[in-house]
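# An overview of the molecular structure
These are the residues of each chain, in order.
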Amino acid sequence: MARTRVRITSLLALSAALALVTGCGDSSDPKAAGAPAAAKGKPVVVVTTTWEGAFARAAGAEDITVIVPQSVHHAPDYDPKPSDLAAVAAADFVLYAPFEPYAAKIKEAAGSGAELVEVNLDNDPAKVTAEVDKLGALFGTEDAATEWKAGFETEYDRLNKDVQGAWPGGKAPSVVSQVFTTWAAKLAGATVAGTYGPEAVTPAQLAELSAKKPALVLDNAHMSTGTVLPDSGAEQVKIVNYPGDDLDLLSVYRNAATELKKAMSAS
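A brief report on the enclosed structure follows.

Cut-offs applied
- Residues numbered from 1 in each chain as written.
- Predicted model: local features only at pLDDT ≥ 70, side-chain atom pairs only at ≥ 80, totals over all residues.
- Heavy atoms only, no water.
- Helix = DSSP H or I, 4+ residues; strand = E, 2+ residues; numbered from the N terminus.
- Buried < 20%, exposed > 50% of the residue type's maximum accessible area, 1.4 Å probe, protein only.
- Lys, Arg positive; Asp, Glu negative; His and termini not counted.
- Salt bridge = Lys/Arg side-chain N within 4 Å of Asp/Glu carboxyl O.
- Polar contact = N/O pair within 3.5 Å; in protein donor to acceptor, adjacent residues only side chain to side chain.
- Contact = heavy atoms within 4.5 Å.
- Pairing = 2+ DSSP bridges.
- Axes fitted to C-alpha atoms, helices over the stretch in contact; angles between N-to-C directions.
- Parallel < 35°, antiparallel > 145°, perpendicular 65-115°, else oblique.
- Nonpolar A, V, L, I, M, F, W, Y, C, P; charged D, E, K, R; others polar.
- Right-handed = clockwise from strand over helix to strand, strands pointing away.
- Phe/Tyr/Trp six-rings, centres within 6.5 Å; stacked < 30°, edge-to-face > 60°.

For E100, the location among the structural elements is in the loop between β3 (93-96) and α5 (103-109). This buried residue, E100, is left without a salt bridge; K107 holds the nearest opposite charge, at 10 Å. Within the local environment of E100, its side chain forms a polar contact with the side chain of T48, the two groups lying 2.9 Å apart. Contact partners of E100, with chain neighbours within four places excluded, come to T48, T49, E52 and L121.

Structure, rendered in structure tokens:
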């Protein structure tokens, strides 16, 4: 019996030592505890396109899965695969735009624990900051969202001044814009003489818009129907709304500024 008591005492001492060693790690560190990433308070976010993904990244999300590949030129044409819908089922938040034709499938596939969030996809700066605020509050990442907005406002102001510095003759150009690219006209400080789309321009619209003699036509690269105002003399600018795979929304504004300056130097 004495030998048995000694063995039990030794085992208890070993257990206590192991517990002490384990306790030296930071118990609040999920990696040390082997906890899943979600335990860190970072939401698992699934988005339909890189556009929603960029809004989520700006708001502070880090674990983001994009359903529609960036290589798909016209995202609404994409047909989600079963693997895409499986990712939706495991999300904390699912971001989509109501105009996307697969929105119904996305809603149906969302798990019971997922929160469906409609995103107002518009690169107008006021609408962008409103969406980032909304998502930051939902994700619990308000600090990250506030930091991103500060950087965004600084960079937007810089780009705005840079593009205005390239105005031909120092005068704001007159533009015709596709309805989903008017934000680029605002970035350029341009005067919007008219808009078109999303449907193709009709002969009557063609005559009306050409009569306004715009210097630039801001075309939506994702919904282009070719040359919008042929024989008008206007420079057509390809405006890209969707960010790349890096989900950097600021790159959209930088690219637009580059294209606008190039077109104005040629007009």
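With the rule as written, the count across this model stands at 12 salt bridges. Residue K127 pairs with D122 through a salt bridge whose shortest N-O separation is 3.3 Å. On the accessibility criterion, D122 (21% relative accessible area) is partly exposed. In this structure, K261 and D162 form a salt bridge, with 3.0 Å as the shortest nitrogen-oxygen distance. Within this pair, whereas K261 is found in helix α10 (residues 249-266), its partner D162 is found in helix α7 (residues 142-164), the two being separated by 99 residues in sequence. Among the charged side chains, a network of salt bridges with common partners joins E155, R158, D248 and R254.

Let's shift gears to the sheet that holds strand β7 (residues 216-220). Taking strand neighbours across the sheet as the criterion, the four strands line up as β6-β5-β7-β8 in an open arrangement whose pairing is parallel. Edge strands, defined here as strands with exactly one partner in the open sheet, are β6 (191-196) and β8 (235-239). The sheet shows a mean angle of 25° between the axes of neighbouring strands, taken without regard to direction. As defined by bridge partners, strand β5 (residues 174-178) adjoins β6 across five bridges and the pair is classed as parallel. Considered in β6, the bridge of S174 is made with T191. The sheet contacts of α10 involve β7 and β8, and relative to β8 the element is tilted by about 175°.

This next bit is on the packing of α7 against α10. Viewed as axis vectors pointing N to C, α7 and α10 meet at an angle of 5°, and their least axial separation amounts to 10 Å. Judged on the interaxial angle alone, α10 and α7 are roughly parallel. Each of W148, F152, E155, Y156, L159, D162 and V163 in α7 lies in contact with α10, whose residues at this interface are L249, L250, Y253, R254, A257, L260, K261 and M264. Class assignment of the residues belonging to the contact of α7 with α10 gives a composition of 11 nonpolar, no polar and four charged.

In space, the four strands of this open sheet follow the order β2-β1-β3-β4, with parallel pairing throughout. Two strands close off the open sheet at either side, each with one partner strand: β2 (63-66) and β4 (115-118). Between one strand and the next, the sheet's axes are offset by a mean angle of 25°, whatever the strand orientation. Pairing geometry for strand β1 (residues 44-47) and β3, over three bridges, is parallel. The residue bridging V46 from the neighbouring strand is V94, located in β3.

Moving on to the pairing of β4. Direction of pairing for β3 relative to β4: parallel, over a ladder of four bridges. When the bridges of β4 are listed, F93 appears paired with E115. Of the crossover connections in this fold, the one passing from β3 over α5 to the parallel β4 is right-handed.

On to the packing of aromatic side chains, then. Considering all chains together, one arrives at seven aromatic pairs under this definition. With 6.0 Å between their ring centres and 45° between their planes, F152 and Y156 make a pair best called tilted. Highlighted residues: F152 and Y156, both in helix α7, separated by four residues, approximately one helical turn. Looking at F152, the relative accessible area reads 2%, which means it is buried. The interplanar angle of 65° and the centroid separation of 5.3 Å between the aromatic rings of F152 and Y253 together place this pair among those described as edge-to-face. Of the two residues, F152 is situated in helix α7 and Y253 in helix α10; the sequence distance between them amounts to 101 residues. Through a chain of ring-to-ring contacts, the aromatic side chains of W148, F152, Y156, W183 and Y253 assemble into a single cluster.

Remember, this is a structural readout, not a statement about activity or role.
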